[in-house]
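Spelled out from the first residue to the last, the chains are:
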Amino acid sequence: TRLWCDAAGPRVLGMLGFDADSEARYVQHFHGLDPWAQSGWGIVAASRRSGALRGAVLGPELVAEDALRRGEFYNDFVRSAGTFHLLGAMQPVDAAATLLVGLHRPEHADPFAEEQRALLDALLPHLRRGVALWARLAGAPAAAALDALPGGAIVVDADHRVLHQTAAAEALAR
């Protein structure tokens, strides 16, 4: 599973099921060769132009399996990572951030089906909101991040002493 966002530069938010070496190799080299992601960037560009979001896609809708097998990405990364079947989505989150979700299964497993696509489609709006919040708060000091939240927040230590409270929390306490 890959979760990628390009706000403030490309970042992997999580690669579940991949070891640290595979994650580093993907970020440093193979993302640029990933035919699924390359097709996805075209989807993102079209979404940004039209304002319409495309839902989840199956790997063969992006890249034919025989074409995938012929490339460096498959031969030098996909096979060693134990992935093959893809259910994914790429959607713009805002002007700076893009959400990339890739769910993978090994080649010997069943491919993803319409039922799994529908589940990912239902989850995408929530993932987009989470990434939008992450992008908005990325790099902000903790207090500034809390102050950016729409509701009140109070941070306490183990002895329940207030360490920080936002202006909204102070207003509620009055």
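Residues numbered from 1 in each chain as written. Predicted model: local features only at pLDDT ≥ 70, side-chain atom pairs only at ≥ 80, totals over all residues. Heavy atoms only, no water.

**Digging into the nonpolar core**
- Ranked by size, the top nonpolar core spans 20 residues in total, and within it Y26, W36, L62, L68, F73, F77 and V78 carry the most contacts.
- Elements with a minimum of two residues in this core: α2 (35–50), α5 (72–81) and β4 (85–92).
- A56, F112, L120 and L124 belong to the second-largest nonpolar core, a separate cluster that totals 12 residues. (Core = buried A, V, L, I, M, F, W, Y, C linked by side-chain atoms within 4.5 Å. Buried < 20%, exposed > 50% of the residue type's maximum accessible area, 1.4 Å probe, protein only. Helix = DSSP H or I, 4+ residues; strand = E, 2+ residues; numbered from the N terminus.)

**Section: the side chain of T83**
- Mapped onto the secondary structure, T83 falls in the loop between α5 and β4.
- Setting aside residues no more than four positions away along its own chain, T83 makes contact with F18, V78, H104, R105 and P106. (Contact = heavy atoms within 4.5 Å.)

**Quick notes on the pattern of salt bridges**
- Under the criterion given, the structure shown has 5 salt bridges.
- Here R117 makes a salt bridge to E61, at a shortest N to O gap of 2.6 Å. With R117 in helix α6 (residues 114–137) and E61 in helix α3 (residues 59–62), this residue pair connects regions lying 56 residues apart in the sequence.
- Through salt bridges with shared partners, a single network forms among E61, E114 and R117. (Salt bridge = Lys/Arg side-chain N within 4 Å of Asp/Glu carboxyl O.)

**Digging into the packing of helix α1 (residues 20–28) against α5**
- Two numbers describe how α1 lies on α5: the axes approach to 10 Å, and their chain directions differ by 150°. Classed by the angle they form, the pair α1 and α5 counts as roughly antiparallel. Like other packed secondary-structure pairs, α1 and α5 cross with a definite hand, here left-handed. On the side of α1, the interface is formed by S22, R25 and Y26, while α5 contributes F73, D76, F77 and S80. (Axes fitted to C-alpha atoms, helices over the stretch in contact; angles between N-to-C directions. Parallel < 35°, antiparallel > 145°, perpendicular 65-115°, else oblique. Left-handed = near helix turned anticlockwise from the far one by under 90°.)

**Quick word on empty space enclosed by the protein**
- Under the criterion given, the structure shown has 1 cavity of 30 Å³ or more.
- Here the largest cavity defines a volume of roughly 110 Å³.
- Taken together, 15 residues line the largest cavity, and the ones lying closest to its centre are V57, L62, G88, A89 and M90.
- Elements with a minimum of two residues in the lining of the largest cavity: α2, β4 and β5 (98–105).
- Across the lining of the largest cavity, the residue classes break down as 10 nonpolar, 3 polar and 2 charged. (1 Å grid on protein atoms, 1.4 Å probe; cavity = no way out; pocket = protein on both sides within 12 Å on 5 of 7 lines; lining within 4 Å. Points joined across faces, edges and corners; volume = space filled by probe spheres on them. Nonpolar A, V, L, I, M, F, W, Y, C, P; charged D, E, K, R; others polar.)

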